[in-house]
Amino acid sequence: DAGVIQSPRHEVTEMGQEVTLRCKPISGHNSLFWYRQTMMRGLELLIYFNNNVPIDDSGMPEDRFSAKMPNASFSTLKIQPSEPRDSAVYFCASSPTNEQFFGPGTRLTVL
Amino acid sequence: GQQLNQSPQSMFIQEGEDVSMNCTSSSIFNTWLWYKQEPGEGPVLLIALYKAGELTSNGRLTAQFGITRKDSFLNISASIPSDVGIYFCAGQYAGGTSYGKLTFGQGTILTVHP
């Protein structure tokens, strides 16, 4: 079975550039979660969707961050413009009910 | 806000020793999950617990859902070097509709010396 797929695995960009992270959830899972992980703050929930509808985006740091889920098999997290403090590992996870299954993450470095 | 405290923050043990870590919550949970994260990878689900008092094993790993529904522990027996990683507890609060939203502990960093 294919797990959660994220791309790219690594992204290095310059401050001010737009960054788009992509996620393909496990087929049949109806909830999708975006997390950010840093040494200082640990694992933070940014936003989550249920049946493609955003349920709670209270974890999104600011207006520079946006997320979409146009269909059940694809979601994006966009940062525009990016800043050095956005450097982190971003995880996508999907869930059928209670258990969440994580992707391998995207390591973002903003110079 | 909702609080979930995980301890210890880190452990340094010798190969062959047993390990125990735990999580406590200020609120009642209806689900407890334990994850392991290795460097460069996402968290991987180890054990899921759904009932108060439930004791579940997965190989050398054993986890229990506390009877008060506010705590859980994870034990690893006879540790081996590949047990190295960060272990996270996570819980889903009872009541309301959360669509699978989890609250995570801060993690326990496990180092195993050969």
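This write-up is about the structure you can find in this document.

Conventions and cut-offs
- Residues numbered from 1 in each chain as written.
- Chains lettered and ligands numbered in written order.
- Predicted model: local features only at pLDDT ≥ 70, side-chain atom pairs only at ≥ 80, totals over all residues.
- Heavy atoms only, no water.
- Pairing = 2+ DSSP bridges.
- Helix = DSSP H or I, 4+ residues; strand = E, 2+ residues; numbered from the N terminus.
- Axes fitted to C-alpha atoms, helices over the stretch in contact; angles between N-to-C directions.
- Salt bridge = Lys/Arg side-chain N within 4 Å of Asp/Glu carboxyl O.
- Phe/Tyr/Trp six-rings, centres within 6.5 Å; stacked < 30°, edge-to-face > 60°.
- Buried < 20%, exposed > 50% of the residue type's maximum accessible area, 1.4 Å probe, protein only.
- Contact = heavy atoms within 4.5 Å.
- Buried area = accessible area lost by both parts, 1.4 Å probe.
- Nonpolar A, V, L, I, M, F, W, Y, C, P; charged D, E, K, R; others polar.

Let us now look at the sheet that holds strand β7 (residues 65–71) of chain A. Residue and element names in this part refer to chain A. In space, the four strands of this open sheet follow the order β1-β3-β8-β7, with antiparallel pairing throughout. The open sheet has two free edges, formed respectively by β1 (5–7) and β7, since each of these has just one partner strand. Within this sheet the neighbouring strands show an average axis-to-axis angle of 15°, counted without direction. Sheet topology note: the β1/strand β3 (residues 19–24) ladder contains three bridges and is antiparallel.

Attention now goes to the pattern of salt bridges. All names here are of chain A. Scanning all chains against the criterion turns up 11 salt bridges over all chains. E83 is the partner of R64 in a salt bridge, and the nearest nitrogen-oxygen pair spans 3.5 Å. One end of the pair, R64, is in the loop between β6 (53–56) and β7; the other, E83, is in the loop between β8 (74–79) and β9 (88–95), with 19 residues separating them in the sequence. Overlapping salt bridges bring together E62, R64, E83, R85 and D86 as one network.

All right, on to the packing of aromatic side chains then. Residues and elements named next belong to chain B. The final tally for this structure, using the stated rule, is 10 aromatic pairs over all chains. A centroid spacing of 4.4 Å and a plane angle of 45° characterise the contact between F29 and W32, whose relative ring orientation is tilted. Both residues of the pair, F29 and W32, belong to the buried class. For the pair Y35 and F104, a centre-to-centre distance of 5.7 Å together with 45° between the ring planes defines the contact as tilted. Separated by 69 residues along the polypeptide, Y35 in strand β4 (residues 29–37) and F104 in strand β10 (residues 103–104) bring together distant segments of the chain.

Another point: the interface of chain B and chain A. Residue-level contacts link 19 residues of chain B with 20 residues of chain A. Together, the buried faces of chain B and chain A total about 1,600 Å²; carbon and sulfur atoms form 55% of this surface. Applying the counting criterion to the chain B and chain A interface returns one salt bridge. For D56(A), the salt bridge goes to K101(B), with nearest N and O atoms at 3.3 Å. Here the side of chain B that touches chain A is built from residues that sort into 10 nonpolar, seven polar and two charged.

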